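Overview (structure and organization)
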Amino acid sequence: MSKQLPKDFVMGGATAAYQVEGATKEDGKGQVLWDPFLKKQGRFSPDPAADFYHRYDEDLALAEQYGHQVIRISIAWSRIFPDGAGAVESRGVAYYHRLFAACAKHHIVPFVTLHHFDTPERLHEAGDWLSQEMLDDFVDYAKFCFKEFPEIKHWITINEPTSMAVQQYTSGTFPPAEKGRFDKTFQAEHNQMVAHARIVNLFKSMKIDGEIGIVHALQTVYPYSDTKEDQHAADLQDALDNRLYLDGTLAGEYAPQTLALVREILDANHQPMFHSTPEEMQTIKKAAQQLDFVGVNNYFSKWLRVYHGKSETIHNGTGAKGSSVSRLHGIGEEKKPESVETTDWDWPIYPRGMYDILMRIHNDYPLVPAIYVTENGIGLKESLPSEVTSKTVIADPKRIDYLKKYLGAIADAIDDGANVRGYFVWSLQDQFSWTNGYSKRYGLFFVDFETQKRYIKQSAEWFKKVCERHVIPD
């Protein structure tokens, strides 16, 4: 049976500056933390990515043609402030004015993120989210953007603060690639919430015409079995991945049980509790009371079982199915049920997890006025047929099946009361991946990275019908 989405439900594609723009050295752009990190690794380069810096009009025209009403875009902080602060790069400012004008020309509304994993290198060296200088400069950068770009009506402070902190200091997949530093992870999480809150409060004090929110990567965490030990492991993982952020940004305070779980993780690893002040908590509380929406990025769920050994994390960055490992001392081990299908990158495909996280926000965080699903999609290994023309359409039935199931879960959550107002598929076009380079493709539009030609995928045609009809075909 087909499922219906609300008529005012908005749909479109998502992008991120570093993953699509390319042109990392053009027009005065400053370095970000990834530039020296990727160069040292020598695995792949963010140039040319999808060359969105030069081809944005082409991609926006495709988005319009295929029914999109909205798009997620991020501003590259170092295009505007090459060093994170100080002198303004006028060419970067002019680029974003052109990009936003092109959105208007193609009747697509941009939701603009201020920070999407791309801290300017100078501030990264100064401590990144563990540095007060970073927090202050981020607020100043946000204020500049609010004044400079009045054409933007939908702002996002930070994309996936949990991914940033955990992958920088727990799993080690983001620079500076430290592992097992839960103390740094939780301190960075708290500091990001303070910076986010300062910006929300600033936005409201400036009486800007528009709305502001934050985007979280949220994975529903389930116990591997019905034992108390596995349930507790799931609770601990949830505190690391979800709960501290949800409490801070959506409730404005950390629940005692949340803090107890965080302290248990830190005590088990002989690391100190994160530091916060009463003034910071007041700032956080005020922002939660003024937040306009929360964005949910959901791709997969997790199952946890009890584990008492040393921490071990192996990241599947190549698509070698079954190669990932996550065992965290003081938390637990990820172990999915055999019945749950995974992608080549070991991400469980479990639409019920989307439904459960949306209902959790609806039920447990009543301050939140609205929810957008700001990222959801599946990465696949895809290639062009041996013979292609401009009319070639690339078959991707797995993506269509994935999107159908997850959109169905969203429709169910809306039917059960969750105020979900829109959906952004990850991603609009094939893009550069932080830890996978160009092998993992998410796009509705295929990008030949050698020629930069775009080709349509069947999922783009399927998605267009959903955008136009607001019906998810059975």
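Residues numbered from 1 in each chain as written. Predicted model: local features only at pLDDT ≥ 70, side-chain atom pairs only at ≥ 80, totals over all residues. Heavy atoms only, no water.

An unreviewed UniProt entry annotates the protein chain as 6-phospho-beta-galactosidase of Lacticaseibacillus chiayiensis. We quote the UniProt Sequence similarities (unreviewed entry) comment for the protein chain here in full: "Belongs to the glycosyl hydrolase 1 family." According to UniProt, the comment filed for the protein chain under the heading Catalytic activity (unreviewed entry) is "a 6-phospho-beta-D-galactoside + H2O = D-galactose 6-phosphate + an alcohol". (UniProt positions renumbered as here; feature names shortened; annotations may be inferred.)

For the rest of this paragraph, the subject is the packing of aromatic side chains. Inspection of every chain in the model, using the stated rule, returns 40 aromatic pairs. Seen in terms of ring centroids, Tyr-18 and Phe-432 are 6.3 Å apart; in terms of plane orientation they differ by 75 degrees. Their pairing is edge-to-face. Taken as a pair, Tyr-18 in helix H1 (residues 17-20) and Phe-432 in the loop between strand S15 (420-425) and strand S16 (445-447) lie far apart in primary sequence, 414 residues in all. Like Phe-432, Tyr-18 is buried. (Phe/Tyr/Trp six-rings, centres within 6.5 Å; stacked < 30°, edge-to-face > 60°. Helix = DSSP H or I, 4+ residues; strand = E, 2+ residues; numbered from the N terminus. Buried < 20%, exposed > 50% of the residue type's maximum accessible area, 1.4 Å probe, protein only.)

Here we take up the packing of helix H8 (residues 161-169) against helix H10 (residues 228-251). To describe two helices that pack against each other, one gives the angle between their axes and the distance between the axes. Their axes nearest at 10 Å, the elements H8 and H10 cross at an angle of 135 degrees. Classified by the angle between their axes, H8 and H10 sit oblique to one another. Helix-helix and strand crossings are classified by hand; for H8 and H10 the assignment is right-handed. Residues Pro-161, Thr-162, Ala-165 and Val-166 of H8 pack against Leu-240, Asp-241 and Tyr-245 of H10. For the contact of H8 with H10, the class distribution of residues is five nonpolar, one polar and one charged. (Axes fitted to C-alpha atoms, helices over the stretch in contact; angles between N-to-C directions. Parallel < 35°, antiparallel > 145°, perpendicular 65-115°, else oblique. Left-handed = near helix turned anticlockwise from the far one by under 90°. Contact = heavy atoms within 4.5 Å. Nonpolar A, V, L, I, M, F, W, Y, C, P; charged D, E, K, R; others polar.)

Before going further, it helps to spend a moment on the UniProt feature "binding site: D-galactose 6-phosphate" (unreviewed entry) in the protein chain. Mapped onto the present numbering, the UniProt feature "binding site: D-galactose 6-phosphate" (unreviewed entry) falls at Gln-19, His-116, Asn-159, Glu-160, Asn-297, Ser-433, Trp-434, Lys-440 and Tyr-442. Within the secondary structure layout, Gln-19 lies in helix H1. Not counting residues up to four positions away in its chain, the partners in contact with Gln-19 are Ala-49, Ala-50, His-116, Trp-426, Gln-431, Phe-432, Ser-433 and Trp-434. Take Tyr-442: it is sitting in the loop between S15 and S16.

The strand order S7-S9-S12-S11-S10 describes an open sheet built from five strands, whose pairing is mixed. Here the strands that pair on one side only, and so sit at the sheet edges, are strand S7 (221-223) and strand S10 (312-314). Taking each pair of neighbouring strands and ignoring which way they run, the sheet shows an average axis angle of 30 degrees. (Pairing = 2+ DSSP bridges.)

With that settled, consider the pattern of salt bridges. Two side chains bearing opposite charge may form a pair once their charged atoms approach each other closely. Counted under the stated rule, the structure contains 29 salt bridges. Residue Arg-181 pairs with Asp-183 through a salt bridge whose shortest N-O separation is 2.8 Å. Taking relative accessible area as the criterion, Arg-181 reaches 30% and is therefore assigned partly exposed. The structure contains a network of salt bridges with shared partners spanning Glu-382, Asp-396, Arg-399, Asp-430, Arg-441 and Lys-457. (Salt bridge = Lys/Arg side-chain N within 4 Å of Asp/Glu carboxyl O.)

Strand order in the closed barrel formed by eight strands is S2-S3-S4-S5-S6-S8-S13-S15, with parallel pairing between adjacent strands. In this sheet, adjacent strand axes meet at a mean angle of 30 degrees when their direction is disregarded. Relative to S15, strand S13 (residues 371-375) is paired through three bridges, and the arrangement is parallel. Within S15, the position partnered with Val-373 by the bridge is Tyr-423. In the packing of H10 onto the sheet, the strands contacted are strand S6 (211-217) and strand S8 (293-297), and the crossing angle to S6 comes to about 165 degrees. Contacts between helix H15 (residues 458-469) and the sheet are confined to strand S2 (10-14) and S15, with S2 contributing the most and set at about 150 degrees to the helix.

Turning next to unusual backbone geometry. For the bond running from Asp-47 to Pro-48, omega is 10 degrees, close enough to zero to count as cis. In this fold, Pro-48 is placed in the loop between helix H2 (34-41) and helix H3 (52-65). Following Trp-426, the chain continues into Ser-427 via a peptide bond in cis, with omega recorded as 10 degrees. At Gln-452, a residue that is not glycine, the phi angle is positive and equals roughly 65 degrees. The class of Gln-452 is buried, set by a relative accessible area of 5%.

What follows is about the state of the cysteines. A complete count under the given rule lists zero disulfides for this structure. The thiol of Cys-145 is unpaired, and the distance to the nearest cysteine sulfur, on Cys-103, comes to 15 Å. Cys-145 sits in the buried class, given a relative accessible area of 0%. Between Cys-467, a free cysteine, and Cys-103, which holds the nearest cysteine sulfur, the sulfur-to-sulfur gap is 15 Å. Classification of Cys-467 as buried rests on a relative accessible area of 2%. (Disulfide = S-S within 2.5 Å.)

Remark: a regular strand shows side chains that alternate across the two faces of the sheet. The buried fraction of S8 is high, at five of five residues. Residues Phe-293, Gly-295 and Asn-297 point to one face of S8 and Val-294 and Val-296 to the other, with burial holding for every one of them. Bridge count for S6 against S8 is five bridges, and the pairing is parallel. Following the sheet pairing, Ile-214 is matched in S8 by Val-294. The sheet contact formed by S8 and S13 spans four bridges and is parallel. Its bridge partner being in S13, Gly-295 is matched across the sheet by Tyr-372.

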